[in-house]
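Topology and contacts: notes
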Amino acid sequence: MLRVLIADDESKVCQLIEKLVDWDALGMEVVAVAENGIEALEKIKEFHPDIVITDIRMPVLTGLEMIQKASEQGVKCHFIVVSGYKYFDYAQKALKYGVEDYLLKPIDEDELNRQLQKIVAEEEQREDKQQQVDQIEKKLEDSKYLRHKEFLKQILSQKQENIDAANTEFGLQL
């Protein structure tokens with residue numbers, strides 16, 4: 001399951017976001033809720049969410065500052081910014097930090113769900129690619145083993161003088 005953190009200084013907005021989404025159907029669970037940017041950053045470190053849905057304007061540390069600090073600390077997750085502000089500067093800064101989407105309040109249920117479905121699809125694709133890489137690496141490792149085995153068979157089937165030459169050439173002790 002993908003883990004989700006919701007950060008907004010308005011508890012009613014957090015509750016609304018939790019109710020707007022069928023988390024189970026998407027293969028997600030809300031693991032934490034934070035009321036400000038510092039708390040969100042701490043919970044990111046604690047829960048390692050795959051997705052953070054955050055307000056842009058929060059006390060102590062804004063959503064953008066929190067995203068920036070998380071990115072600087074090497075956090076790899078999807079960020080969705082929710083804001084009541086239409087200002088281009090906010091959206092531009094959000095995109096600079098790799099934010100997936102910038103949703104305006106009041107939150108549109110369909111838009112939020114579409115964005116979450118998009119992230120699910122991206123994560124499934126990423127997992128498929130990782131499985132392919134893992135399979136290729138295993139085949140490569142198996143191939144190395146088979147090549148070494150065949151090499152040793154060839155050497156051992158040769159005459160003593162050939163074995164002595166292979167020992168010298170390859171630093172072996174056969």
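The following paragraphs examine the structure supplied in this document. As the structure is a computational prediction, the values presented were derived from the model and not from experiment.

Reading the values: the criteria
- The numbers attached to residues start from 1 for each chain and follow its sequence in the written order.
- Only residues with pLDDT of at least 70 are given local features in this predicted model, and only at 80 or more are side-chain atom pairs given and counted; all residues enter the totals for whole chains, interfaces and linings.
- Think of the side-chain values as coming from all heavy atoms in the structure, minus any hydrogens and water.
- Note on patches: the residues involved have over 30% relative accessible area and no salt bridge, like charges join within 9 Å, and the nonpolar side chains Val, Leu, Ile, Met, Phe, Trp and Tyr join within 5 Å.
- Note on areas: Shrake-Rupley with a 1.4 Å probe; residue coverage comes only from the protein chains shown.
- Salt bridge, as applied in this entry: a Lys or Arg side-chain nitrogen positioned within 4 Å of an Asp or Glu carboxyl oxygen.
- Secondary structure follows DSSP: runs of H or I at least 4 residues long count as helices, runs of E at least 2 residues long count as strands, and numbering of each begins at the N terminus.
- In this scheme, a residue with accessible area under 20% of its type's maximum is buried, one over 50% is exposed, and one in between is partly exposed, where area comes from a 1.4 Å probe on protein chains only.
- For the purposes of these results, a polar contact is taken to be a pair of N or O atoms within 3.5 Å, where, inside protein, one atom must be able to donate a hydrogen and its partner to accept one; residues adjacent in sequence count only when each atom of the pair is a side-chain atom.
- The contact criterion used is simple: two residues touch if any of their non-hydrogen atoms lie within 4.5 Å.
- Along the arc lie the directions from the helix axis toward the C-beta atoms.
- Strand pairing requires that DSSP identify at least two bridges connecting the strands.
- An axis is simply a line fitted to the C-alpha atoms; with a helix, the fit covers only the stretch in contact. Between two such axes, the angle follows the N-to-C directions and lies from 0 to 180 degrees.
- By the counting scheme adopted, Arg and Lys are positive, Glu and Asp are negative, and His together with the chain ends is not counted.
- The atoms used to mark charge sites are NZ of Lys, CZ of Arg, CG of Asp and CD of Glu.

We now examine a nonpolar patch on the surface. A cluster of nonpolar side chains, contributed by Phe151, Leu152 and Phe170, occupies part of the molecular surface with about 250 Å² of accessible area. Considering the arrangement of structural elements, one finds Phe151 in helix α6 (residues 109–156). Judged by relative accessible area, which is 30%, Phe151 ranks as partly exposed.

The next subject is the side chain of Asp55. Summarising the element assignment, Asp55 is placed in strand β3 (residues 51–55). By relative accessible area, Asp55 is classed as buried at 4%. Here Lys105 takes part through its side chain, which lies 3.5 Å from a polar atom of the side chain of Asp55. Contact partners of Asp55, with chain neighbours within four places excluded, come to Ala7, Asp8, Asp9, Gly63, Val82, Ser83 and Lys105.

Turning to helix α3 (residues 37–47), its buried residues are Gly37, Ala40, Leu41 and Ile44. Taken end-on, α3 shows its buried residues confined to a sector of 100°, consistent with a single buried face. Of the surrounding secondary structure, the elements contacted by the buried residues of α3 are β1 (2–7), β2 (28–34), β3, α4 (63–72) and β4 (78–83). Capping the start of α3, Asn36 holds a side-chain oxygen 3.0 Å from the backbone nitrogen of Ile38, two or three residues further along.

Attention now moves to the pattern of salt bridges. The tally for this structure, following the rule as stated, stands at six salt bridges. Notably, a salt bridge pairs Lys105 with Glu10, separated by 3.8 Å at the nearest N-O pair. Here Glu10 lies in the loop between β1 and α1 (11–20) and Lys105 lies in the loop between β5 (101–104) and α6, a separation of 95 residues in the sequence. Among the ionic pairs, Glu39 bridges to Lys43, the shortest N-O distance being 3.1 Å.

Pairing in this open sheet of five strands is parallel, and the strands run β2-β1-β3-β4-β5 from one edge to the other. The open sheet is flanked by β2 and β5, the only strands paired with a single partner. Across the sheet, the mean angle separating the axes of adjacent strands is 20° when strand polarity is ignored. Pairing of β4 with β5, which is carried by four bridges, proceeds in the parallel orientation. Note that in β5 the partner of Val81 across the bridge is Tyr102. Here α1 sits on the sheet and contacts β1, β2 and β3; the angle it forms with β2, its principal contact strand, is near 180°. This element, α4, spans β3 and β4 of the sheet and lies at about 150° to β3.

With that settled, the discussion passes to a negative patch on the surface. Together, Asp108, Glu109, Asp110 and Glu111 make up a region of like negative charge exposed at the surface. With respect to the helices, strands and loops of the structure, Asp108 is situated in the loop between β5 and α6.

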